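Here is what each chain is made of, one letter per residue.
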Amino acid sequence: MSCIRKEPEKSRSEELLQYARGQKVIQMNVKLLGLEGDPDLQFLLKGGDLLKVLSPSWKKTRYFRLQEDCKTMWRESKKTFKKNDTFSLDDISAVQMGRQSEGLKKNTEEQVEDRCFSIVFKSRRKNLDLISSSEEEGKQWVKSLQKVVSNLNNLSRKQKTEHWIFSCLRKADKNKDENLSPSEVKSFMHLINIEVDDEYVEMLFKKCDRSQSGTLAGEEIKHFYDLLTQRDEIDVIYEEYAKTTGFMSAQNLVDFLLKEQREKATLADAHRIIETYEPDENAKEKKLLSKDGFLMYLNHPDAMILNPDHKDVYQDMSQPLNHYFISSSHNTYLMEDQLKGPSSTEAYIRALQKGCRCVELDCWDGSDNEPVIYHGYTLTSKILFKDVIKAISEHAFKTSQYPVILSLENHCSVEQQEVMARHMSSILGSALITSPLGDGMPTNFPSPEELKGKFLIKGKRLNKLEDTFAEAAADDTDVTEEEESNDEDMQKEKNTKVKKLTLAKELSDMVIYLKSVHFHGFEDAQKNLSFYEMASFKEGKAMKLAEESVASIHNGQELTPCTDMDMNQGRFLVNGKSGYILKPAFMRDVATEFDPITLTRGDWLKHKTLHVMVISAQQLPKVNQKKSSIVDPLVKVEIYGVPADVAERETEPFDNNGFNPSWNENFQFDVYVPELALVRFSIEDYDSSSDNDFVGQYTIPFNSLKMGYRHVPLFNKNGDLLPSAGLFVHIMVLDAE
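In the annotation of an unreviewed UniProt entry, the entry for the protein reads Phosphoinositide phospholipase C, and the organism field reads Neolamprologus brichardi. Quoted straight from UniProt, the Catalytic activity (unreviewed entry) entry for the protein says "a 1,2-diacyl-sn-glycero-3-phospho-(1D-myo-inositol-4,5-bisphosphate) + H2O = 1D-myo-inositol 1,4,5-trisphosphate + a 1,2-diacyl-sn-glycerol + H(+)". Entered under Cofactor (unreviewed entry) in the UniProt record, the comment concerning the protein runs "Ca(2+)".

This is the structure in C-alpha cells:
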C-alpha cells in the first residue's frame, strides 16, 4: 500500500472563515492557487489586447482578462447585442507557442511566428488562435496561462470544491458587501444546484443569523458553509471507527482499511496517511486522524474506485500485437458530424492525446497532386494528407510510447498514392516500419514493447509478405477492392461490383504487418490467410458474424476495435492509458473453447457477484447552465460484457438537488466473465415527460474496481473530467457460490 506525500491542506471551513472575516474572494482564490504575489497571475488579471485569428482576412483585436475567480477568462466582443464571451481555464488542454495549430499555419504568415500562440480546448471546441503585439508579450501570455492552468489542475478535489463555492458566493453577493441577505442565500443555493423553497431558506437563515442582523457575516457565513457541506454519510463511517477520544488512531485506521476497504494495511501505512492528509497539526502530532483528514484521504485519487496499481502500465507488453485490445478511432479526421462537418488535423491530435493508437485516414485525390483526407461523398471539408501525417508525427507518442497504426482507406490514383508514400517516408522517417523486424519471414506479430515509438501502416498490399523473401516478386499492380469498409461511401463506389484498385508499389511495400483483405468466412481465414492479413467489418456485419460463429470471433487472432465511446474510454482507462490492453488468456489461446453466449465453462471462468451501494453524489453540474431548473439526479449502474453479464439497475430520482443528493440503494449483479466486463456509473437528470438528460458517467474495467467505500469521478459527454463532481459508493466483490 502506498500514499503520495503532499503539503497538508487546511481544514474544511478555514478558507470560508477568511471570506467571512472580510477577505476578498480574489485574494482567497489567489491563495488557494498558491500564487500570492505571482507576477504571471497578475499579468492575466490585468489582461490585454490580442489579435484573434479566424481566416487570412479576419484578424480582429479583442481584450482578454482573467476574472476574479482566477478560473474564468473574459473576452470582449465587438458584436452588437452579443454578450462578452467567457471560457473556463478548466476547459484548456494546452497552450502552444508559435504557429503550431492548423488555423495559424493556414491563416498567418511565417514572419509572425514568434508572436503567435494557440489555446487548445479539451472538447471538440475549435482552438483559439491569437497574435500578440510582440514576441515577449506572446511568451508572457503562454507562460502565465500554462502556470495557472497547471495550478488549477493540481488542486485537490476539496480545493476545487472550495474554489467553486468561492466563485458562487461572489456571484450571489450582488451588492459586493461580503454579507449574505436571505435572497442572496437562495441565489447562492441555486448556483450550487439546490432548489429550496422560501420556508427552508428562512429556517436555514435564522439558524445561522445569530446576530439577528438580517444578513450573514463573519462566523455566520462559516456556520452556513459547515451546515451546507456536512457529509452525514462520512460522519457515520468515521464515528464507527473513531474510538480514540473522537478521533481515529493509527490502529483504528488500519481496522477500517482492513475491514471496509479490503486493503493490506499496516501501522506504518496508517502513519503515512495521517502524516499526508491530516490538516490539524495537533492531531497529526498525536498520530490521530480527524474527520476532515479522513475525508481528504477518501477524496485522493489513489483512494478512489480505480485500483491505483492499474494506473501505470502493469500488464505484460511483450506478447504479440494481436494479443491486445487496441484503442481505435473511426473517421478520426472529423470534428463534428459525418455529413457536413469540418475535417481537421486537430481531431487527430485530440485522439492521440486520449491514448488512441489506431487512426483512420480516408484518402482521396486532391488538387496540385496533393492527396487529401475527408469523408467521401459528403460535404465535409478537406485537409491535406501531408498535414495530417505531420500532426500525427508530432503528437503520436506524447500520451503513450506504444505503436500507432495508420489505417488507410485508399481511394487515390497511383500518382497520388506515390505522393502519400513519399510524405510518410520523409515525415515519419525511421519511425515507420517498412520491413519486418529481425531476419527472415516472420511467423507472428512483434510486441507493443518491440514497436515502441513506431508507426505501422494498415492497408492493401499487392502481394503476400512471403513473396518479398522469394527470388522474384510479382509485378502485378492490381488488387481486388473487396474489403468491407466502415463507411457507406465504399459501398456506393462499388455498386455491388468487384472493383480493381491499382496500387502503387511504393505504398504497397509499406504494408508489413497489417494487410487488409476481404473476409470469406472463418474457415477460409483459418485455412488461407497469413497471420498479418485481416478484415474490417461494419458494425452490423460484425454483430451478424458474432451471432453465427461466436467462438471464432472471440478466439480469433484479429485486432479488435471498440466502437462505443464510453466503453472505449473505460476499457483503455487503465494500463497507463497506453492504448493497449492485454486480452484474457482464453482469448489469446486458440485452443480454448469459449462460447460467451452459452458460457461453455472451464477452470478459467470465475463467476463473481458484485454488490454496489449507491450512497450519494457531490457537486453535480447543471445540465444546461442557461436553464433555471435544478437537476433531479438518478444513478444508473450498468454491466457490459458477454450477454449473460449485461445488466442495468437504477436509483429513484432525487428531487431538486444536484449539490449533495443521497440514495443509499443497493444493487447486486452476477458477473460470469469478469475479465471482459465493464462497470458503468452514469447520472441522469430525471424528466417524467421526456428523455432524461445526461449529467456525467464513469466506466471502469470490472477487475480494476477497488472494494469498500469509494468516490467515483465523473466525465462529461466529451470524456473530460468534471472537476468537483463525483459519486460515493460502496463496492463488494465476492466469489459466487
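Concerning the overall build of the protein
A tally of regular secondary structure across the protein gives 24 helices and 28 strands. Considering only contacts within the protein whose residues lie at least 6 apart along the sequence, 67% involve residues at least 24 apart.

Overview of the pattern of salt bridges
Scanning the model with the defined rule gives 27 salt bridges in all. Across the pair lysine 386 and glutamate 370 runs a salt bridge whose closest N-O atoms are separated by 3.7 Å. Of this pair, lysine 386 sits in helix H16 (residues 385–395) while glutamate 370 sits in the loop between strand E11 (358–364) and strand E12 (372–373), and the two are 16 residues apart along the sequence. In this structure lysine 386 comes out as partly exposed when scored by relative accessible area, which is 24%.

A short note on H16
Of all the positions in H16, only Phe385, Val388, Ile389, Ala391, Ile392 and His395 are classed as buried. For H16, the arc enclosing every buried residue in end-on projection is 160 degrees, short of the 170-degree limit, so these residues lie on one face.

Things to note about the UniProt feature "domain: EF-hand" (unreviewed entry) in the protein
Listed under "domain: EF-hand" (unreviewed entry) in the UniProt record, and renumbered for this structure, are residues 160–195. Secondary structure content for residues 160–195 is 64% helix and 0% strand, and the end C-alpha separation is 22 Å.

Brief notes about the packing of aromatic side chains
Evaluation of the coordinates by the stated rule reveals 17 aromatic pairs. Ring geometry for phenylalanine 397 against phenylalanine 455: centres 5.1 Å apart, planes inclined by 55 degrees, an arrangement best described as tilted. With a gap of 58 residues between them, phenylalanine 397 in the loop between H16 and strand E14 (404–410) and phenylalanine 455 in strand E15 (residues 455–459) connect regions that are remote in the sequence. According to the relative accessible area criterion, phenylalanine 397 is buried, its value standing at 17%. Residue class for phenylalanine 455 comes out buried when judged on its relative accessible area of 2%. An aromatic cluster of three or more residues is present, and its members are Tyr238, Tyr241, Phe256 and Phe294.

Some remarks on the sheet that holds E14
One open sheet holds the 7 strands; their spatial order is E13-E12-E11-E14-E15-E18-E19, and the pairing between them is mixed. Two strands close off the open sheet at either side, each with one partner strand: strand E13 (383–384) and strand E19 (533–534). Here helix H15 (residues 345–353) sits on the sheet and contacts E11, E12, E13 and E14; the angle it forms with E11, its principal contact strand, is near 165 degrees. Packing of helix H17 (residues 414–428) onto the sheet brings it into contact with E11, E14 and E15, and relative to E14 it is tilted by some 165 degrees.

Considerations on the nonpolar core
Counting 41 residues, the largest nonpolar core has Ile305, Leu610, Val637, Val679, Phe681 and Leu727 as the members making the most contacts within it. Here the element with the most residues in this core is strand E28 (residues 721–735); it accounts for 5 residues. Apart from the residues lying within four places of it in its own chain, the contact partners of valine 637 are Val612, Val614, Ala647, Glu648, Arg649, Phe667, Phe669, Val679, Arg680 and Phe681. Grouped together as the second largest cluster of nonpolar side chains are 33 residues, Ile392, Cys412, Leu428 and Phe455 included.

As for the confidence of the model for the protein
Do not read the fine detail of predicted coordinates wherever pLDDT is low. Residue-level pLDDT values for the protein average 85, and 84% of them are 70 or greater. Every residue in residues 482–496 scores below 50 in pLDDT, and together they form 50 contacts with partners more than four places removed in sequence or on other chains. Across residues 550–559, confidence stays below pLDDT 50; counting only partners more than four residues off in sequence or on other chains, it has 33 contacts.

What to know about the UniProt feature "domain: PI-PLC Y-box" (unreviewed entry) in the protein
The feature "domain: PI-PLC Y-box" (unreviewed entry), as given by UniProt, occupies residues 507–549 and 565–588 in the numbering adopted here. Between the C-alpha atoms that bound residues 565–588 there is a distance of 25 Å. The span itself is 46% helix and 12% strand.

Describing unusual backbone geometry
If you check the backbone angles, asparagine 193 has positive phi at about 80 degrees while not being a glycine. Judged by its relative accessible area of 1%, asparagine 193 is buried. The phi dihedral of asparagine 656 falls on the positive side, at around 55 degrees, and the residue is not glycine. Here asparagine 656 lies in the loop between strand E23 (647–650) and strand E24 (662–671). Accessibility expressed as a relative area gives 32% for asparagine 656, which makes it partly exposed.

Points about helix H9 (residues 219–228)
The buried count for H9 comes to 7 of 10 residues, which makes it a mostly enclosed element. Among the residues making up H9, those that are buried are Glu220, Ile221, His223, Phe224, Tyr225, Asp226 and Leu228.

A word on the side chain of threonine 609
Within the secondary structure, threonine 609 is located in strand E21 (residues 608–618). Under the relative-accessibility criterion, threonine 609 is labelled buried at 10%. The contacts of threonine 609, once residues within four sequence positions are left out, are Gln668, Phe669, Asp670, Met732, Val733, Leu734 and Ala736.

Quick word on the sheet that holds strand E5 (residues 92–97)
Here 7 strands make up an open sheet; going across it, the order is E4-E3-E2-E1-E7-E6-E5 and the pairing antiparallel. In this open sheet, the two edge strands, each paired with only one partner strand, are strand E4 (85–88) and E5. Taking the axes of each pair of neighbouring strands and ignoring which way they run, one obtains an average angle of 30 degrees across the sheet. Bridge count between strand E3 (residues 72–75) and E4: 4 bridges; the pairing is antiparallel. Of the residues in E4, the one forming a bridge with methionine 73 is phenylalanine 87. Along the sheet face, helix H3 (residues 39–46) touches strand E1 (48–53), strand E2 (59–66) and E3 and points at about 125 degrees away from the line of E2.

Remarks on the state of the cysteines
Across all of its chains, the model carries 0 disulfides by this definition. Lacking any disulfide linkage, cysteine 358 is separated from the closest cysteine sulfur, that of cysteine 356, by 6.6 Å. Since its relative accessible area comes to 13%, cysteine 358 is described here as buried.

Comments concerning the pairing of strand E26 (residues 693–701)
In terms of burial, E26 is a largely internal element, 7 of the 9 residues being buried. One ladder, built from 8 bridges, connects strand E25 (residues 678–685) with E26; its direction is antiparallel. The partner of arginine 680 across the bridge, within E26, is threonine 699.

Quick notes on the pairing of E23
Pairing of strand E22 (residues 633–640) with E23, which is carried by 4 bridges, proceeds in the antiparallel orientation. Directly across from lysine 636, in E23, lies its bridge partner glutamate 650. Where E22 folds back on E23, the antiparallel hairpin that results is connected by 6 residues.

Concerning the environment of serine 181
Structurally, the position occupied by serine 181 is in the loop between helix H6 (157–172) and helix H7 (182–191). By relative accessible area, serine 181 is classed as buried at 19%. The spacing of serine 181 and phenylalanine 205 is 24 residues in sequence and 8.7 Å in space, taken between C-alpha atoms. Setting aside anything within four residues of it in sequence, one finds serine 181 in contact with Phe205, Gly214 and Thr215. Only 3.1 Å separates the side chain of serine 181 from the side chain of serine 183, close enough to count as a polar contact.

Criteria and cut-off values
- Residues numbered from 1 in each chain as written.
- Predicted model: local features only at pLDDT ≥ 70, side-chain atom pairs only at ≥ 80, totals over all residues.
- Heavy atoms only, no water.
- UniProt positions renumbered as here; feature names shortened; annotations may be inferred.
- Helix = DSSP H or I, 4+ residues; strand = E, 2+ residues; numbered from the N terminus.
- Contact = heavy atoms within 4.5 Å.
- Salt bridge = Lys/Arg side-chain N within 4 Å of Asp/Glu carboxyl O.
- Buried < 20%, exposed > 50% of the residue type's maximum accessible area, 1.4 Å probe, protein only.
- Arc of directions from axis to C-beta.
- Phe/Tyr/Trp six-rings, centres within 6.5 Å; stacked < 30°, edge-to-face > 60°.
- Pairing = 2+ DSSP bridges.
- Axes fitted to C-alpha atoms, helices over the stretch in contact; angles between N-to-C directions.
- Core = buried A, V, L, I, M, F, W, Y, C linked by side-chain atoms within 4.5 Å.
- pLDDT = per-residue confidence, 0-100.
- Disulfide = S-S within 2.5 Å.
- Polar contact = N/O pair within 3.5 Å; in protein donor to acceptor, adjacent residues only side chain to side chain.

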